[in-house]
Amino acid sequence: QVQLVESGGGLVQPGGSLRLSCAASGSIFSINAMGWDRQAPGKQRELVAAIFSGGSTNYADSVKGRITISRDNAKNAVYLQMNSLKPEDTAVYYCNAEGATYSITEFQSWGQGTQVTVSS
């Protein structure tokens, strides 16, 4: 099994910054992609950003230019640097990862979520 643990959420004023971290652990042979989704109250879960094994990235249009995803392959970790935060960024943020285990089975895992609240 592969577990993901997020940290770094909290309350921030509009225009402020937060950095989310997520570390994967378990029987990990390789990770193809890591990313972050979010779900606001009453809304569907949506992709925020993803980063792939070659380093390419993908962002939701609503966060481009404000949010940066990065990855530390040695630590099986992914980070989300969020700047110029807006109230509409308020949501529970979920880390996710997909890859292969040492038993050569594919996995796709999600973290438990971390709350980000942008409010004055």
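It should be noted that the structure appears before, not after, this text.
Residues numbered from 1 in each chain as written. Predicted model: local features only at pLDDT ≥ 70, side-chain atom pairs only at ≥ 80, totals over all residues. Heavy atoms only, no water.

A. View of the packing of aromatic side chains. All told, the structure shown has 1 aromatic pair when counted by the stated rule. Here the aromatic rings of Phe29 and Tyr102 are separated by 5.7 Å at their centres, their planes lie at 75°, and the arrangement is edge-to-face. One end of the pair, Phe29, is in strand E4 (residues 28–39); the other, Tyr102, is in the loop between strand E9 (91–101) and strand E10 (106–110), and 73 residues separate them in sequence. Exposure class is identical for Phe29 and Tyr102. Each is exposed. (Phe/Tyr/Trp six-rings, centres within 6.5 Å; stacked < 30°, edge-to-face > 60°. Helix = DSSP H or I, 4+ residues; strand = E, 2+ residues; numbered from the N terminus. Buried < 20%, exposed > 50% of the residue type's maximum accessible area, 1.4 Å probe, protein only.)

B. Structural context of the sheet that holds strand E3 (residues 18–26). Taken together, 4 strands build an open sheet; the order of strands is E1-E3-E8-E7 and the sheet is antiparallel. Each end of this open sheet is capped by a strand with a single partner; those strands are strand E1 (2–7) and strand E7 (67–72). When the angles between neighbouring strand axes are averaged without regard to direction, this sheet yields 15°. Taken together, the 6 bridges between E1 and E3 define a ladder with antiparallel strand orientation. Pairing of Leu4 across the sheet is with Ala24, part of E3. (Pairing = 2+ DSSP bridges. Axes fitted to C-alpha atoms, helices over the stretch in contact; angles between N-to-C directions.)

C. View of the pattern of salt bridges. Here the structure, examined in full by the defined rule, presents 4 salt bridges. Where Asp89 meets Arg38, a salt bridge forms, and the shortest distance between an N and an O atom there is 3.0 Å. A residue pair is termed long-range when its members are at least 10 positions apart, and Asp89 in the loop between strand E8 (77–82) and E9 and Arg38 in strand E4 qualify at 51 residues. For the pair Asp89 and Arg38, a shared accessibility class is recorded, and that class is buried. With a closest N to O distance of 3.1 Å, Lys64 and Asp61 form a salt bridge. Overlapping salt bridges bring together Arg38, Glu46, Arg66 and Asp89 as one network. (Salt bridge = Lys/Arg side-chain N within 4 Å of Asp/Glu carboxyl O.)

D. Broad picture of the environment of Ala97. Structurally, Ala97 can be placed in strand E9. The class for Ala97 is buried, based on a relative accessible area of 1%. Separated by 74 residues in the primary sequence, Ala97 and Ala23 have C-alpha atoms spaced 9.7 Å apart. Those residues within four positions of Ala97 in sequence are excluded, and the remaining contacts are Leu4, Ile31, Ala33, Met34, Phe107, Gln108 and Ser109. (Contact = heavy atoms within 4.5 Å.)

E. Spatial organisation of the nonpolar core. Counting 31 residues, the largest nonpolar core has Trp36, Val48, Ile69, Val78, Leu80, Met82 and Tyr93 as the members making the most contacts within it. For this core, the secondary structure elements donating two or more residues are E1, E3, E4, strand E5 (46–52), E7, E8, E9 and strand E11 (114–118). In this structure Val78 touches Leu20, Ser21, Cys22, Met34, Trp36, Ile51, Ile69, Ser70, Arg71 and Cys95, once residues within four positions along its chain are discounted. (Core = buried A, V, L, I, M, F, W, Y, C linked by side-chain atoms within 4.5 Å.)

F. Representation of the side chain of Glu6 in the model. Relative to the assigned elements, Glu6 resides in strand E1. Although Glu6 is buried, it makes no salt bridge; Arg45 carries the closest opposite charge, 7.7 Å away. In this structure the side chain of Glu6 is engaged in a polar contact, spanning 2.7 Å, whose partner is the backbone nitrogen of Cys95. Here the side chain of Glu6 touches Gly113 through a polar contact of 2.8 Å, landing on its backbone nitrogen. Aside from chain neighbours lying at most four places away, what touches Glu6 is Ser21, Cys22, Trp36, Tyr93, Tyr94, Cys95, Gly111, Gln112, Gly113 and Thr114. (Lys, Arg positive; Asp, Glu negative; His and termini not counted. Polar contact = N/O pair within 3.5 Å; in protein donor to acceptor, adjacent residues only side chain to side chain.)

These results come straight from atomic positions and should not be treated as a statement about function.
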